[in-house]
Amino acid sequence: LSMPLTDSRGHTSLSNLPLGLYLIVETKVPENVHTTVDPFFISLPSTDATGDHSFYTVYSYPKNQNNDPLLDKLVSEDGTYADTATVSEGDTLNYRLSSKLPTITSKATYLSEYTFTDELSNGLTYNKDVVISFYDNEDGAKHATGSSIATWSANSNPTLFSTAYENTADGTKMTVKPTTAGLAEINSKYSDTWMVVSYTADVTSTADMI
């Protein structure tokens, strides 16, 4: 039994249903929502809280939760990742951008885009060595502890993500995004994991260095 899709106000309804127990399953989600509502049952008729009265018109108000991704950026010069690092000219910095992927329950919640954009100021030179990793725990994702559950590199997995660089007046802007093939892997394998974009940059001395 398929209910009509909700209208612009989020309403849908059916009338004159046979008595029985109905399983309600959300098949599509609103914009900016990544997770379907957990399936739930509705009984016709239903009773009040005390079970003393039955009623045949049932209203349900399921609520989607926004599952907005979070992003952390940490840097390391000596193997310990933190918000900042003290460095000298010629040092190489290791950067990690980590983001918790949303819960992906069905095609209704598949990701259609998951793009990382990062900017390095003047005085830092990208080494163009981006690697994408997936972790099943936050500490591993942020601090490179333990082993990743999967790793993509430009050499071993060139079809799974793309990287673009743009020079600006303030430095370099980098954009990393999974391709269609990469998104297919994420949607089928990496729900609720941490996705990490890591790369290195060299410190150089420039007049406009920040």
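Refer to the preceding data block for the structure.
Each chain carries its own residue numbering, running from 1 in the written order of its sequence. Owing to the predicted nature of the model, reporting of local features is limited to residues with pLDDT of at least 70; listing and counting of side-chain atom pairs is limited to 80 or more, with chain, interface and lining totals taken over all residues. With hydrogens and water excluded, all non-hydrogen atoms of the structure serve as input to the side-chain values.

1. Points about the pairing of strand β12 (residues 171-178)
Thinking step 1. Strands are labelled as partners when DSSP assigns at least two bridges between them. Secondary structure elements follow DSSP: runs of H or I no shorter than four residues count as helices, runs of E no shorter than two count as strands, and numbering proceeds from the N terminus. Two elements, strand β7 (residues 116-121) and β12, share 6 bridges in a ladder whose sense is antiparallel. Each residue of the ladder has a partner; that of D118, found in β12, is M174.
Thinking step 2. Where strand β11 (residues 161-168) hands over to β12, the hairpin turn is made up of 2 residues, counted between the paired strands.

2. Description of the environment of T168
Thinking step 1. Here T168 shows up in strand β11.
Thinking step 2. On a C-alpha basis, the gap between T168 and L120 in space is 9.9 Å, while along the polypeptide they are 48 residues apart.

3. Looking at the environment of G10
Thinking step 1. Tracing the chain through its elements places G10 in the segment before β1 (20-24).
Thinking step 2. Taking the relative accessible area as the measure of exposure, G10 reaches 47% and is therefore partly exposed.
Thinking step 3. The spacing of G10 and Y61 is 51 residues in sequence and 9.8 Å in space, taken between C-alpha atoms. Each residue is assigned to one of three classes by its accessible area relative to the maximum for its type, calculated with a 1.4 Å probe on protein chains only: buried under 20%, partly exposed between the two thresholds, exposed over 50%.

4. Looking at the packing of aromatic side chains
Thinking step 1. Any two of the Phe, Tyr and Trp rings considered here, Trp counted by its six-membered ring, make a pair once their centres fall within 6.5 Å; the pair's planes then place it as stacked at under 30 degrees, edge-to-face at over 60, or tilted in between. A full pass over the atoms with the stated rule returns 6 aromatic pairs.
Thinking step 2. Among the aromatic side chains, those forming a connected cluster through ring pairs are Y95, Y126, Y165 and Y199.
Thinking step 3. As a reminder, the over-ring test applies to NZ of lysine and CZ of arginine, requiring each to be within 6 Å of the ring centre and within 35 degrees of the ring normal. Cation over ring: R96 sits above Y81, and NZ or CZ is 5.6 Å from the ring centre.
Thinking step 4. Over the ring of W194 we find K100, and its NZ or CZ is 4.6 Å from the ring centre.

5. As for the sheet that holds β7
Note on sheets: strands pair through backbone hydrogen bonds, and any given pair is parallel or antiparallel.
Thinking step 1. Overall, antiparallel pairing links the 3 strands, which are arranged β7-β12-β11 in an open sheet. The sheet terminates laterally at β7 and β11, the two strands that pair on one side only. Here the average twist between neighbouring strands, direction ignored, is 15°.
Thinking step 2. Note: β11 against β12, 8 bridges, orientation antiparallel. Paired with F161 across the strands is P178, a residue of β12. Fitted lines through C-alpha atoms serve as axes, helices being fitted only where they are in contact, and the angles separating the N-to-C directions of these axes extend from 0 to 180 degrees.

6. With respect to unusual backbone geometry
Thinking step 1. For the peptide bond that leads from L44 to P45, omega is -5°, which places it in the cis range.
Thinking step 2. Residue position: P45 is located in the loop between β2 (40-44) and β3 (46-47).
Thinking step 3. The phi angle at N16 is positive, at roughly 55°, despite the residue not being glycine.
Thinking step 4. Given a relative accessible area of 81%, N16 falls into the exposed group.
Thinking step 5. Positive phi is not limited to glycine here, since D192 has a value of about 65°.
Thinking step 6. Position of D192 relative to the elements: it lies in the loop between α2 (180-189) and β13 (194-203).
Thinking step 7. Taking relative accessible area as the criterion, D192 reaches 34% and is therefore assigned partly exposed.

7. Thoughts on the side chain of S98
Thinking step 1. Among the structural elements, S98 can be located in strand β6 (residues 92-100).
Thinking step 2. Contact partners of S98, with chain neighbours within four places excluded, come to L70, L71, D72, A141, K142, M195 and V196. Should any heavy atoms of two residues lie within 4.5 Å, those residues are counted as being in contact.

8. Quick word on the pattern of salt bridges
Thinking step 1. Any Lys or Arg side-chain nitrogen found within 4 Å of a carboxyl oxygen on Asp or Glu counts as a salt bridge. Scanning all chains against the criterion turns up 4 salt bridges.
Thinking step 2. Residue D72 is joined to K142 by a salt bridge in which the shortest nitrogen-to-oxygen separation is 3.4 Å. With D72 in strand β5 (residues 71-76) and K142 in helix α1 (residues 138-143), the pair connects residues that are 70 residues apart, well separated along the chain.
Thinking step 3. Note that K142 is salt-bridged to E138, the shortest N-O span being 2.9 Å. With a gap of 4 residues between them, K142 and E138 both fall in helix α1, about one helical turn apart.
Thinking step 4. What you see here is one network of salt bridges that share partners, running through D72, E138 and K142.

9. Regarding the side chain of R96
Thinking step 1. Among the structural elements, R96 can be located in strand β6.
Thinking step 2. The buried charged residue R96 lacks any salt bridge partner; its closest oppositely charged side chain belongs to D139, at an N-O distance of 9.6 Å.
Thinking step 3. Pairs of N or O atoms are called polar contacts if they sit within 3.5 Å, as long as, within protein, a hydrogen donor faces a hydrogen acceptor (for residues adjacent in sequence, only side-chain-to-side-chain pairs). In this structure the side chain of R96 is engaged in a polar contact, spanning 3.4 Å, whose partner is the side chain of Y135.
Thinking step 4. Within the structure, R96 has its side chain in polar contact with the backbone oxygen of G140 (distance 3.5 Å). Counted as positive: Lys and Arg. Counted as negative: Asp and Glu. His and the chain ends are not counted at all.

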